[in-house]
Amino acid sequence: NAELPGRGLKITLTAGPTQEPLDPVRYLSNHSSGKMGFALAQAAAELGAKVHLIAGPVQLSTPPGVQRVDVVTAQEMLESCQQLQAQTDIFIACAAVADYRVESIADQKIKKQPGQQEMLLKLVENPDILATLATSQSSRPFCVGFAAETQAVEDYARRKLEKKNLDAIIANDVSDTRIGFGSDHNQVTFIYREKGEFYQEALPLASKIDLSRQLLLKIFKLYSKQDLT
Ligand code: C5P
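It should be emphasised that the depicted structure is a prediction, and the values quoted were computed from it without experimental measurement.

Asks: Whenever I open this one, the packing of aromatic side chains confuses me. Can you help?
Replies: What describes a pair of aromatic rings is the distance from one ring centre to the other and the angle between the planes of the rings. Tallied over the full model, the rule gives 3 aromatic pairs. Measuring from ring centre to ring centre gives 5.7 Å for Phe-142 and Tyr-223, while their planes differ by 85 degrees; the resulting arrangement is edge-to-face. Taken together, the residues span a long stretch of sequence, with Phe-142 in strand S9 (residues 142–149) and Tyr-223 in helix H5 (residues 208–228) at a distance of 81 residues. Judged by its relative accessible area of 12%, Tyr-223 is buried. Taking the centre distance of 5.3 Å and the plane angle of 20 degrees together, the rings of Tyr-192 and Tyr-199 count as stacked.

Printed below as a string of structure tokens:
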């Protein structure tokens, strides 16, 4: 359908948590459900875009028309995003990427030693996938991030937008228990930069699919404006 606003756009999204293995049977992870990223992928496909969804381990089915790539670790997620980067117009990072991974993964199950009361795990920093794409020198996509904060939400989100060199950021207050992790609803503020100025728009509480459509229309509009400059 030529009338669809996302037609001709190539969108890559990340969603869900990452899992960082300690040994063959254990991992570090978080409670991200992946719902917001999957809702955005569904809405983007419905709006006519060509959508790749890079998903961490989640219990969700692939939305119709979406090309899904399953990954486990942050490093795998970064590699998949970089493989798609040259064919990505808009990159939207929804994944709750583990900030750290264990320095070396044990190749056998780690055994509890007799009398052992403590255990130290050495962690090393994971790559920041969004910042890596947003600061790349060639084929940098239009970059949109999420900021889940518990206080001074807009303020922290704006700083994150600058620090990671983003075009826009979607901020939500995760201290509000009605919304966020695992929920089917969300309440967000859309913050973006245009000609050096910041703008922010608070959207009303809505279902994640409804919100996704609204957010994508705003993102498409911003993206098409910057294309003209
Ligand atoms: O810094 P913080 O984790 O709060 O930033 C959140 C944003 O950055 C989200 O869009 C998230 O998907 C992205 N991110 C990422 N890679 C990381 C950490 C965060 O892409 N290692």
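Still more ground to cover, so stick around.
Asks: Looking at this model, I keep getting lost on the site of the ligand. Mind explaining?
Replies: Around the ligand, a shell composed of Ala-93, Cys-94, Ala-95, Val-97, Pro-127, Asp-128, Ile-129, Leu-130, Gly-145, Phe-146, Lys-160 and Lys-164 is seen. Here an oxygen atom of the ligand and a backbone polar atom of Ala-93 are 2.7 Å apart. Here an oxygen atom of the ligand sits 2.9 Å away from a polar atom, N or O, in the side chain of Lys-164. In the complex, 82% of the free accessible area of the ligand, which totals 450 Å², lies under the protein chains. Mapped onto the shell around the ligand, the elements with two or more residues apiece are helix H3 (129–134) and S9. Of the residues assigned to the shell around the ligand, the class counts are 8 nonpolar, 1 polar and 3 charged.

Asks: Got a minute to help me understand the pattern of salt bridges in this structure?
Replies: Where charged atoms from two side chains of opposite charge come close, those side chains can pair. Counted according to the given criterion, the structure contains 12 salt bridges. Between Asp-128 and Lys-164 there is a salt bridge; the shortest N-O distance is 2.7 Å. Linking Asp-128 in the loop between strand S8 (123–125) and H3 with Lys-164 in the loop between helix H4 (153–163) and strand S10 (168–173), this pair joins segments that are 36 residues apart in sequence. Given the relative accessible area of 32%, Asp-128 is considered partly exposed. Under the relative-accessibility criterion, Lys-164 is labelled buried at 18%. Note that Arg-159 is salt-bridged to Asp-155, the shortest N-O span being 2.8 Å. One end of the pair is Arg-159 and the other is Asp-155, both in helix H4 and 4 residues apart, which spans about a single turn. On the basis of relative accessible area, Asp-155 is assigned to the partly exposed category, the value being 41%. Each of Glu-46, Asp-210 and Arg-213 takes part in salt bridges that share partners, so that together they form one network.

Asks: Any chance you could explain unusual backbone geometry here in plain terms?
Replies: A negative phi angle characterises most non-glycine residues, just as the trans form characterises most peptide bonds. We note that Ser-139 has phi near 40 degrees; this positive angle belongs to a residue other than glycine. For Ser-139, the position within the fold is in the loop between H3 and S9. The class for Ser-139 is partly exposed, based on a relative accessible area of 41%. Positive phi, close to 60 degrees, is recorded for Asn-165, a residue that is not glycine.

About the cut-offs
- Residues numbered from 1 in each chain as written.
- Predicted model: local features only at pLDDT ≥ 70, side-chain atom pairs only at ≥ 80, totals over all residues.
- Heavy atoms only, no water.
- Phe/Tyr/Trp six-rings, centres within 6.5 Å; stacked < 30°, edge-to-face > 60°.
- Helix = DSSP H or I, 4+ residues; strand = E, 2+ residues; numbered from the N terminus.
- Buried < 20%, exposed > 50% of the residue type's maximum accessible area, 1.4 Å probe, protein only.
- Near = heavy atom within 4 Å.
- Polar contact = N/O pair within 3.5 Å; in protein donor to acceptor, adjacent residues only side chain to side chain.
- Areas by Shrake-Rupley, 256 points an atom, 1.4 Å probe, with all protein chains shown as cover.
- Nonpolar A, V, L, I, M, F, W, Y, C, P; charged D, E, K, R; others polar.
- Salt bridge = Lys/Arg side-chain N within 4 Å of Asp/Glu carboxyl O.

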